[in-house]
Amino acid sequence: MKCKISIVKDFALGTVDDALFSSFIEHLGRAVYTGIYEPGHPSADEQGFRTDVINMVKDLHVSLVRYPGGNFLSGYNWRDGIGPRERRPVRLDRAWHTIETNEVGIDEFYDWAQKAGTGIMGAVNMGTGSPQDAGDLVEYCNFPGGTYWSDLRARNGHSAPFGIKTWCVGNEMDGPWQIGHLSADDYGKKALEAAKIMKWTDDSIKLVVCGSATTSMPTYPEWDRTVLEHTYELVDYISIHRYYENYGNDDDFLASFFDMDDFIKTSCATCDYVKAVKRSKKTMYLSFDEWNVWYQQKMQPHPWEKAPRILEDHYSLLDALVVGGLAITLLNHADRVKIACLAQLVNVIAPVFTEPGKGAYRQAIYWPFRDVSVYGRGTVLTPVVRTEKKLTEKYGEVPAVISSVVYDESSGELTVFVLNTSRTDACVTELDLASFGTMQMFLRTELSGDDLEAKNSLEQPDVVKPVVLPVEQGDAGLFTVQLKKASWNVLRFKKQ
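Below you will find a few notes about this structure. What you are looking at is a predicted structure, and each value in this text was computed from that prediction instead of being measured.

Considerations on the state of the cysteines
Working step 1: Going through the model one piece at a time under the given rule, you end up with zero disulfides.
Working step 2: With no disulfide of its own, C3 lies 4.9 Å from the sulfur of C427, the closest cysteine sulfur.

Structure representation (structure tokens):
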């Protein structure tokens with residue numbers, strides 16, 4: 001199999017927003033308790049946060065972490081999570097059938113984010129919560145002082161404001177599973193009023209309104225149109241969510257990027273339709289603030305308990321390749337997708353996995369996300385790609401090889417991410433970089449293996465891990481590499 005990727009320096013798509021490399025922590029399962037927070041753990045700091053987890057999160061270079069939900073958000077009263085711990089109420093979390101102790105709230109999470117080197121993407125309850133509640137939370141977090149909520153934040157240990165600049169106005173309000181589910185009209189009206197109060201409290205914030213939770217929703221994309229017609233001029237992004245799982249056809253699963261690409265294009269078209277209807281000069285951007293591989297078919301009932309082991313998918317090499325394909329798709333829409341959150345970050349469908357009282361390890365999906373987060377910042381270029389097609393049952397013909405190209409003009413470094421989705425054929429790939437002058441390859445890594453079901457574990461944490469390969473020498477700007485079958489590849493170049 002052969003492929004040619006011709007890259008022209010002037011074919012710029014758009015600048016990558018740092019928020020494209022974000023993630024998500026919800027009060028769900030063991031994401032918080034025994035995930036990021038475990039007092040008494042050998043690695044725990046003075047606040048009870050696991051420093052082994054913090055170090056892994058730092059290594060991912062996560063830009064924002066969406067908090068505190070998720071489905072949990074729509075039944076959560078943020079006031080339960082502030083003040084002295086001994087006075088905080090223990091609640092039923094009806095979204096996930098668990099017990100919430102409220103040991104960690106916004107104050108503690110802010111401290112954790114500071115330690116992990118990341119920012120916070122806040123979220124307000126549009127299920128059982130009110131627009132006033134949303135405004136009060138923004139005031140608590142962002143107002144400098146001299147008011148009830150800002151002074152209460154100071155008494156709770158944070159005299160300086162948190163400065164949370166991006167906020168989700170609810171979560172998946174199109175879903176009947178959501179606490180306080182609303183119709184598109186009712187949510188649009190409520191979100192508008194919340195947005196007004198939130199921006200009147202802090203006019204520097206950016207707001208994300210709820211779009212469709214998945215492409216399979218019967219209301220998609222009509223929901224998005226209706227909500228935007230209510231909120232277009234006051235919000236900055238519309239959220240979309242999508243998860244993928246393997247239903248038994250590996251080729252379909254590897255082609256998940258094709259569905260994500262279509263979802264993004266349809267969502268952009270919907271936004272642009274509303275822009276035209278409103279005669280607006282404003283372009284609406286997308287926040288793909290939940291995306292990942294998630295085996296939802298494995299969800300099981302469980303008793304009421306604190307931090308149960310739920311949604312703890314253990315990821316394989318195959319899953320990691322799919323995540324790589326999704327990451328490439330997000331980069332290739334960097335002109336419109338400005339925020340993206342790998343959901344989630346620790347234990348719950350996550351790249352980082354912990355055991356209580358024991359260690360932590362990197363799951364297979366950690367590696368492609370880390371690659372794009374570390375090397376994918378700059379300007380996305382649009383290459384001309386000639387590749388063979390692969391026939392899938394679900395999507396028909398799809399490209400066998402997909403790629404994304406990111407150029408950092410300040411450093412002169414060019415990174416090409418390439419996924420070979422063929423499970424049977426290697427691919428001889430030619431890269432034409434002639435428009436950049438004399439370039440040299442200085443790094444090449446590969447994530448592949450004979451066993452696509454291979455997984456990492458606490459006992460064997462490096463079964464699935466990228467390897468560094470010898471770099472190729474180019475001639476007149478042409479480089480030829482052989483991509484192994486079913487492989488994720490990172491190729492980095494710089495001027496000589």
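Structural notes on the packing of aromatic side chains
Working step 1: Taken as a whole, this structure holds 21 aromatic pairs when the rule is applied.
Working step 2: Considering the side-chain rings of F353 and Y361, the 5.6 Å spacing of their centres and the 40° angle between planes classify their relative orientation as tilted. Neither residue differs from the other here; F353 and Y361 are each classed as buried.
Working step 3: Members of the aromatic cluster, connected to one another through ring pairs, are W78, Y110, Y140, Y148, W149 and F162.
Working step 4: Over the ring of F353 we find R30; its NZ or CZ atom is 5.4 Å from the centre of that ring.

Focus on helix 8 (residues 256-277)
Working step 1: When the terminal C-alpha atoms of helix 8 are compared, their 32 Å separation across 22 residues agrees well with the 32 Å that a helix rising 1.5 Å per residue should span.
Working step 2: Buried residues of helix 8: S256, F257, D259, M260, F263, I264, S267, C268, T270, C271 and V274, and no others. Along the long axis of helix 8, the arc covered by the buried residues comes to 170°, so they all point the same way.
Working step 3: The first or second residue beyond helix 8 is R279, which carries a positive phi of 55°.

Details of empty space enclosed by the protein
Working step 1: Taken as a whole and judged by the stated rule, the model has two cavities of 30 Å³ or more.
Working step 2: Here the largest cavity defines a volume of roughly 60 Å³.
Working step 3: Surrounding the largest cavity, E26, H27, L28, G29, V32, Y33, D93, T98, I99, E100, A307 and P308 form its lining.
Working step 4: If one sorts the elements of the lining of the largest cavity by residue count, strand 6 (residues 98-100) sits on top with three residues.
Working step 5: By residue class, the composition of the lining of the largest cavity is six nonpolar, three polar and three charged.
Working step 6: Roughly 40 Å³ of internal volume is contained in the second largest cavity.
Working step 7: Along the walls of the second largest cavity sit L20, F21, W291, A327, L330, L331, F369 and V372, which together make up its complete lining.
Working step 8: Elements that contribute at least two residues to the lining of the second largest cavity include exactly helix 9 (317-331) and helix 10 (366-375).

Comments concerning the nonpolar core
Working step 1: Judged by nonpolar contacts, the single largest core of 142 residues is most densely connected at W112, W167, Y187, M198, F288 and W291.
Working step 2: Counting residues per element, this core draws most heavily on helix 9, which supplies eleven residues.
Working step 3: In this structure, C3, L381, M439 and F493 belong to the second largest nonpolar core, which totals 21 residues.

Procedures and definitions
Residues numbered from 1 in each chain as written. Predicted model: local features only at pLDDT ≥ 70, side-chain atom pairs only at ≥ 80, totals over all residues. Heavy atoms only, no water. Disulfide = S-S within 2.5 Å. Phe/Tyr/Trp six-rings, centres within 6.5 Å; stacked < 30°, edge-to-face > 60°. Buried < 20%, exposed > 50% of the residue type's maximum accessible area, 1.4 Å probe, protein only. Lys NZ or Arg CZ within 6 Å of the ring centre and 35° of its normal. Helix = DSSP H or I, 4+ residues; strand = E, 2+ residues; numbered from the N terminus. Expected span 1.5 Å × (residues − 1). Arc of directions from axis to C-beta. 1 Å grid on protein atoms, 1.4 Å probe; cavity = no way out; pocket = protein on both sides within 12 Å on 5 of 7 lines; lining within 4 Å. Points joined across faces, edges and corners; volume = space filled by probe spheres on them. Nonpolar A, V, L, I, M, F, W, Y, C, P; charged D, E, K, R; others polar. Core = buried A, V, L, I, M, F, W, Y, C linked by side-chain atoms within 4.5 Å.

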